[in-house]
Amino acid sequence: MGRALGEILEAVAGGAFPPADGGTTVVGQPGVRDAGVIAFTAHSVVFTDEDPAWVRAQLAAADCDALAAAMNPRFLAALLERSGRRTDTVDLLTVAPPLSGEPPLPLREVEDPGHPRVVRALGRRDDVRVWAADGGLLVLGRGVAGRWEAAVEVEEDARHRGLGRALATAARHLVPGPVWAQQATGNARSIRAFQAAGFRPVGAESLHMLP
């Protein structure tokens, strides 16, 4: 495809996906921090500074359906070992367009740089900002290829009241462009909240972080 990862993500946010041709695109990392794999429908994108020829050889050796090779555990393990990176899980990747107006609930910004959620987010994002609501938190920052990413946390005693959906919706009011969010594929509660807030699934992502 000959495009940088940021251009691919920008196109996907606008509804233009890589061709569903069963192929894999290998592009360079958008920065030192971020590497990994994104699987779209019948097309995957591997973003790494490792040798593309080595990447393609490992994909061919995955011994599975070619459509699944980029997310096959054998390939991911080989890529992680070669790069010396680590990962947590394979996430559902979702995106939503921005909304005008004020967020749907009162928010107060957390300005303490030592707040645990700020410290944790700074390991994966730039320009991190955190807002608190009664019973929950909203985190926004620039992640992979500079995209705006949102994450929410809801306290146990505040669940089942629509707070997660409201916080995810608030993220769309607070940034000027598309907002991305990752949800662990087993976290059905989070997936439902983000989809109810207008985030649509676009792929799966395995993010490979520095040790």
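Rules of the game
Residues numbered from 1 in each chain as written. Predicted model: local features only at pLDDT ≥ 70, side-chain atom pairs only at ≥ 80, totals over all residues. Heavy atoms only, no water. Helix = DSSP H or I, 4+ residues; strand = E, 2+ residues; numbered from the N terminus. Rg over C-alpha atoms; globule rule 2.2 N^0.38 Å. Buried < 20%, exposed > 50% of the residue type's maximum accessible area, 1.4 Å probe, protein only. Contact = heavy atoms within 4.5 Å. Axes fitted to C-alpha atoms, helices over the stretch in contact; angles between N-to-C directions. Parallel < 35°, antiparallel > 145°, perpendicular 65-115°, else oblique. Left-handed = near helix turned anticlockwise from the far one by under 90°. Core = buried A, V, L, I, M, F, W, Y, C linked by side-chain atoms within 4.5 Å. Pairing = 2+ DSSP bridges.

Enquirer: Would you mind going over the overall build of the chain with me for this structure?
Expert: Assigned secondary structure in the chain consists of six helices and ten strands. In terms of C-alpha radius of gyration, the chain reaches 17 Å, essentially the compact-globule figure of 17 Å for 211 residues. C-alpha extents for the chain along the principal axes are approximately 50 × 35 × 30 Å. Burial analysis of the chain (211 residues in total) assigns 49% to the buried set. Sequence separation of at least 24 residues holds for 63% of the intrachain contacts in the chain that already meet a minimum separation of 6.

Enquirer: Quick question: what am I supposed to make of the packing of helix H2 (residues 52-60) against helix H3 (residues 73-83) here?
Expert: When two helices pack together, their arrangement is given by the angle between the helix axes and by the axis-to-axis distance. Viewed as axis vectors pointing N to C, H2 and H3 meet at an angle of 150°, and their least axial separation amounts to 9 Å. Judged on the interaxial angle alone, H3 and H2 are roughly antiparallel. Between H2 and H3 lies a crossing of right-handed hand. On H3, the residues touching Trp54, Val55, Gln58 and Leu59 of H2 are Phe75, Ala78, Leu79 and Arg82.

Enquirer: Hey, could you run me through the nonpolar core in this one?
Expert: In globular proteins that are soluble, nonpolar side chains generally tend to be buried together. Judged by nonpolar contacts, the single largest core of 22 residues is most densely connected at Leu105, Leu138, Leu140, Leu167, Val179 and Phe199. Mapped onto this core, the elements with two or more residues apiece are strand S6 (126-133), strand S7 (136-142), strand S8 (148-154), helix H5 (163-174) and strand S9 (179-184). Ranked by residues supplied to this core, first place goes to H5 with six residues. Phe40, Leu93, Val202 and Met209 belong to the second-largest nonpolar core, a separate cluster that totals 17 residues.

Enquirer: What am I meant to see in the side chain of Thr24 here?
Expert: Relative to the elements of secondary structure, Thr24 occurs in strand S1 (residues 23-27). Other than its neighbours up to four places away in sequence, Thr24 contacts His43, Ser44, Val46, Arg56 and Leu59.

Enquirer: Sorry if this is basic, but what is going on with the pairing of strand S2 (residues 35-40) here?
Expert: Consecutive residues of a regular strand have side chains that alternate between opposite faces of the sheet. A large share of S2 lies buried, amounting to six of its six residues. Burial along S2 is two-sided: Ala35, Val37 and Ala39 facing one way and Gly36, Ile38 and Phe40 facing the other are all buried. Pairing between S2 and strand S10 (residues 200-208): five bridges, direction antiparallel. Each residue of the ladder has a partner; that of Ala35, found in S10, is His208. Sheet analysis places S2 next to strand S3 (residues 43-47), joined by five bridges and oriented antiparallel. The residue bridging Gly36 from the neighbouring strand is Phe47, located in S3. In this structure, the hairpin formed by S2 and S3 is closed by a connection of two residues, where Ala42 is found at a positive phi of approximately 55°.

Enquirer: Could you clarify how one ought to interpret the sheet that holds S1 in this entry?
Expert: Spatial ordering of the open sheet is given by S1-S3-S2-S10-S4-S9-S8-S7-S6-S5, a layout of ten strands whose pairing is mixed. Of all the strands in the sheet, just S1 and strand S5 (108-110) have a single pairing partner and so form its edges. Across this sheet, the average inter-strand angle for adjacent strands is 30°, counted without regard to direction. The pairing of S6 with S7 spans six bridges and is classified as antiparallel. Paired with Trp131 across the bridge in S7 is Leu138. Across the face of the sheet, helix H1 (residues 5-13) comes into contact with S1, S2, S3, strand S4 (90-96), S9 and S10 while running at roughly 30° to S2. Contacting S2, S3, S4 and S10, H3 runs over the sheet at an angle of about 45° to S10.

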